Amino acid sequence: MSTAFYSHSDCRGHDMGPGHPECPQRLDAIADHLISTGLDVALDHRDAPIVAMADLEHAHASLYIAELKNLLEQVCASGRPRAIDPDTVACAGTWRAALRAAGAAVAATDAVIDGEIENAFCAVRPPGHHATRDAAMGFCFFNNVAVAARHALDVRGLKRVAVVDFDVHHGNGTEDILAGDDRVLMVGIFQHPLYPHSGVPPLAGNMLNIPVPPYTYGPEIREMIAEQWLPRLEGFAPQMIFVSAGFDAHRDDDLGQLGLVEADYEWITRQIKAVADRHAKGRIVSCLEGGYNLGALARSVASHLRVLAEVDH
Ligand SMILES: [Zn+2]
């Protein structure tokens, strides 16, 4: 069984301006590194489709979707970018990119559940985990992982899914959407204090949040994951695992002050895969969130993918 790699050129058309860390070059860095390492030939490359509006509505308020569509279509027609918050800018390509990013997550979910592929990585942007039920924020417009998790539950009939978030920032949007939905267990680890300053305490009992102080490094983070995440995940026995794969907890990333390296991302992915193999027929859909040092991002994604695709080199 194979690992799919979902992406689309439209995801490069979303550009928040010169110097913005969440830039189109992130996807180029990942693609280039996969080619230079030879890892690209081990992957099943697929184009991200446009998401169905009905799928967005499983995670977002209808009014929010309608207002965002209206705003982004205006921006597209006028060609003039518009800031939604100080960090989040809509440009002419944003609407198409956001639809492809969520569409990738849903298509990957269907392909995994249908048994076409074992697991998938969605190299998409904009990222999603800060988008709440009714607000865009923190570089995010639609919550790709929450949309896909709800598709697995509401459309495909799964009973229990886990969401794993190892981005350096707390996945406040995913928590906002999924808190109290007992079909979901969400486990997260993030720097605290740091944007968006949420997650402590968690909003509901189906959230396991591990806030860690700045300058925490791989060995301590592995220990916390082993002691806190893994027993909860084992006990929950998810039928599928969604990953908010942010790589901005890397030592070389300037948006946070944590100290993970490529070997830590490999280790974390192995733990997730072991749970998926035991309980979920190996089903994993992983979606790119943060990661802003281009070299560290590309190498960390490769480490993540090598485990997902069971490639040794
Ligand atoms: Zn982040």
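Residues numbered from 1 in each chain as written. Predicted model: local features only at pLDDT ≥ 70, side-chain atom pairs only at ≥ 80, totals over all residues. Heavy atoms only, no water.

1. Here we look at the sheet that holds strand S8 (residues 207–212)
Okay, so step 1: Taken in spatial order, the eight strands line up as S2-S1-S5-S10-S9-S6-S7-S8 in an open sheet, and their pairing is parallel. Looking at which strands have only one partner, the edges of the open sheet turn out to be strand S2 (43–47) and S8. Recorded for the sheet is a direction-independent mean angle of 15° between the axes of neighbouring strands.
Okay, so step 2: In this structure, strand S1 (residues 3–7) lies alongside S2, joined through five bridges in parallel fashion. The residue bridging Ser-7 from the neighbouring strand is Asp-47, located in S2.
Okay, so step 3: Across the sheet, helix H7 (residues 218–236) is in contact with strand S6 (161–165), strand S7 (184–191) and S8; its angle to S7 comes to roughly 175°.
Okay, so step 4: Sheet contacts for helix H8 (residues 262–279): strand S5 (119–122), S6, strand S9 (240–245) and strand S10 (284–288); angle to S9, the most-contacted strand, approximately 165°. (Pairing = 2+ DSSP bridges. Helix = DSSP H or I, 4+ residues; strand = E, 2+ residues; numbered from the N terminus. Axes fitted to C-alpha atoms, helices over the stretch in contact; angles between N-to-C directions. Contact = heavy atoms within 4.5 Å.)

2. Quick notes on the packing of H8 against helix H9 (residues 294–308)
Okay, so step 1: Where H8 contacts H9, the axes come no closer than 8 Å and their chain directions differ by 30°. As judged from the angle between their axes, H8 and H9 are roughly parallel. The hand of the H8/H9 crossing is right-handed. From H8, Glu-262, Tyr-265, Glu-266, Thr-269, Arg-270 and Lys-273 reach across to H9, where they touch Arg-299, Ser-300, Ser-303, His-304, Val-307 and Leu-308. (Parallel < 35°, antiparallel > 145°, perpendicular 65-115°, else oblique. Left-handed = near helix turned anticlockwise from the far one by under 90°.)

3. Points about the pairing of strand S3 (residues 82–85)
Two faces make up the sheet, and in a regular strand the side chains alternate between them.
Okay, so step 1: Pairing of S3 with strand S4 (residues 88–90) involves three bridges; the strand directions are antiparallel. Bridge pairing in S4 places Arg-82 opposite Ala-90.
Okay, so step 2: Hairpin connection between S3 and S4: a loop of two residues separates the two successive antiparallel strands.

4. Looking at the pattern of salt bridges
Pairing between side chains of opposite charge can happen when the charged atoms of each approach one another.
Okay, so step 1: According to the stated counting rule, one finds 22 salt bridges in the structure shown.
Okay, so step 2: Notably, a salt bridge pairs Arg-100 with Asp-10, separated by 2.9 Å at the nearest N-O pair. Placement of the pair is Arg-100 in helix H4 (residues 94–113) and Asp-10 in the loop between S1 and helix H1 (25–37), with a sequence separation of 90 residues. In this structure, Arg-100 and Asp-10 share a single accessibility class: buried.
Okay, so step 3: When salt bridges that share partners are traced, they join Glu-118, Lys-273, Asp-277 and Glu-310 into one network. (Salt bridge = Lys/Arg side-chain N within 4 Å of Asp/Glu carboxyl O. Buried < 20%, exposed > 50% of the residue type's maximum accessible area, 1.4 Å probe, protein only.)

5. Quick look at the packing of H4 against helix H5 (residues 144–155)
Okay, so step 1: Running from N to C, H4 and H5 cross one another at 35°; their axes reach a closest spacing of 8 Å. Once H4 is placed against H5, the crossing between them reads as right-handed. Contacts between H4 and H5 pair Ala-101, Ala-102, Ala-105, Val-106, Thr-109, Asp-110 and Ile-113 from the former with Asn-144, Val-147, Ala-148, His-151 and Ala-152 from the latter.
Okay, so step 2: Across the contact of H4 with H5, the residue classes break down as eight nonpolar, three polar and one charged. (Nonpolar A, V, L, I, M, F, W, Y, C, P; charged D, E, K, R; others polar.)

6. Digging into H9
Okay, so step 1: Between its terminal C-alpha atoms H9 stretches 21 Å, which fits the 21 Å expected from 15 residues at 1.5 Å a residue.
Okay, so step 2: Burial analysis of H9 places 11 of its 15 residues in the buried class, which makes it a mostly covered element.
Okay, so step 3: Buried within H9 are the following residues: Ala-296, Leu-297, Ala-298, Ser-300, Val-301, Ala-302, Ser-303, His-304, Leu-305, Val-307 and Leu-308.
Okay, so step 4: One or two steps after H9, the chain reaches Glu-310, where phi turns positive at roughly 50°. (Expected span 1.5 Å × (residues − 1).)

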